[in-house]
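A closer look at the structure
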Amino acid sequence: MALTEKQKMITGKMYQAWDEELVADRQKAKKLCFSLNQTCPTEKDTRQALINELLGKETDAWIESPFNCDYGYNLKVGKGFYANHGCTILDCAPINIGDNCLLAPGVVIATAGHPLDPVERASGEEFAKEITIGNDVWFGANVTVCPGVTIGDNVVVGAGSVVTKNLPANTVCVGSPAKPIRTLTIEDKQSEMI
């Protein structure tokens, strides 16, 4: 039995983004993002209801405006998730984010990619690769996370960094591409609490 374009997208195969079902799904998510972005920051209950509808479940996630995503249903966040102003998440493939993760302003997390061959690219073919982010991760301002990476628990990614490869747990990572520059220890965690 042939896979739908949505099934191809979610499983990392080449797919047509202009498929009718996918267009309808994106329009629904964009409408919810628009409503969220037009809702007063002090209307917390209304905002939370929109966030829950966008993510497809009851959650304590808090998302500041403006925020944009492609689908919402492929974005799975743990407890204590926070996205600051101006974050964009292209969730064509699943994005799994652990507990207590913080996104500073301007963070981009993108599972979407396009073929290098210009003929394939012009045909409308694209692909998406899953992204996994562990617990207690903090992205500084304007961090970009590229398709297919895994980021371990307790990782801090410095402002302006571009994550193109997996990052190990308990590290501070910076640069383009982002690389570990320091290992975090128990002593680091205790000194931050003093």
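Residues numbered from 1 in each chain as written. Predicted model: local features only at pLDDT ≥ 70, side-chain atom pairs only at ≥ 80, totals over all residues. Heavy atoms only, no water.

Under an unreviewed UniProt entry, the chain has the name Acetyltransferase and belongs to Photobacterium rosenbergii. Reading the Sequence similarities (unreviewed entry) entry of the UniProt record for the chain gives the comment "Belongs to the transferase hexapeptide repeat family." (UniProt positions renumbered as here; feature names shortened; annotations may be inferred.)

Moving on to the pattern of salt bridges. The final tally for this structure, using the stated rule, is four salt bridges. A salt bridge links Lys-8 to Glu-5; its shortest N-O distance comes to 2.9 Å. Taken together, the positions of Lys-8 and Glu-5, both in helix H1 (residues 5-10) and three residues apart, correspond to about one turn of that helix. Residue class for Lys-8 comes out partly exposed when judged on its relative accessible area of 24%. If you follow the salt bridges from partner to partner, you end up with Lys-6, Glu-21 and Asp-25 in one network. (Salt bridge = Lys/Arg side-chain N within 4 Å of Asp/Glu carboxyl O. Helix = DSSP H or I, 4+ residues; strand = E, 2+ residues; numbered from the N terminus. Buried < 20%, exposed > 50% of the residue type's maximum accessible area, 1.4 Å probe, protein only.)

Let us now look at the packing of aromatic side chains. In total, this model carries one aromatic pair according to the counting rule given. Relative to Tyr-73, the ring of Tyr-71 lies with its centre 5.4 Å away and its plane at 40 degrees, an arrangement referred to as tilted. The buried category is assigned to Tyr-71, whose relative accessible area is 4%. Over the ring of Tyr-73 we find Lys-6; its NZ or CZ atom is 4.4 Å from the centre of that ring. (Phe/Tyr/Trp six-rings, centres within 6.5 Å; stacked < 30°, edge-to-face > 60°. Lys NZ or Arg CZ within 6 Å of the ring centre and 35° of its normal.)

This next bit is on the pairing of strand E19 (residues 178-183). With five bridges connecting them, strand E18 (residues 171-175) and E19 associate as antiparallel partners. Of the residues in E19, the one forming a bridge with Val-172 is Arg-182. Counting the residues between successive antiparallel strands, the hairpin from E18 to E19 contains two residues. (Pairing = 2+ DSSP bridges.)

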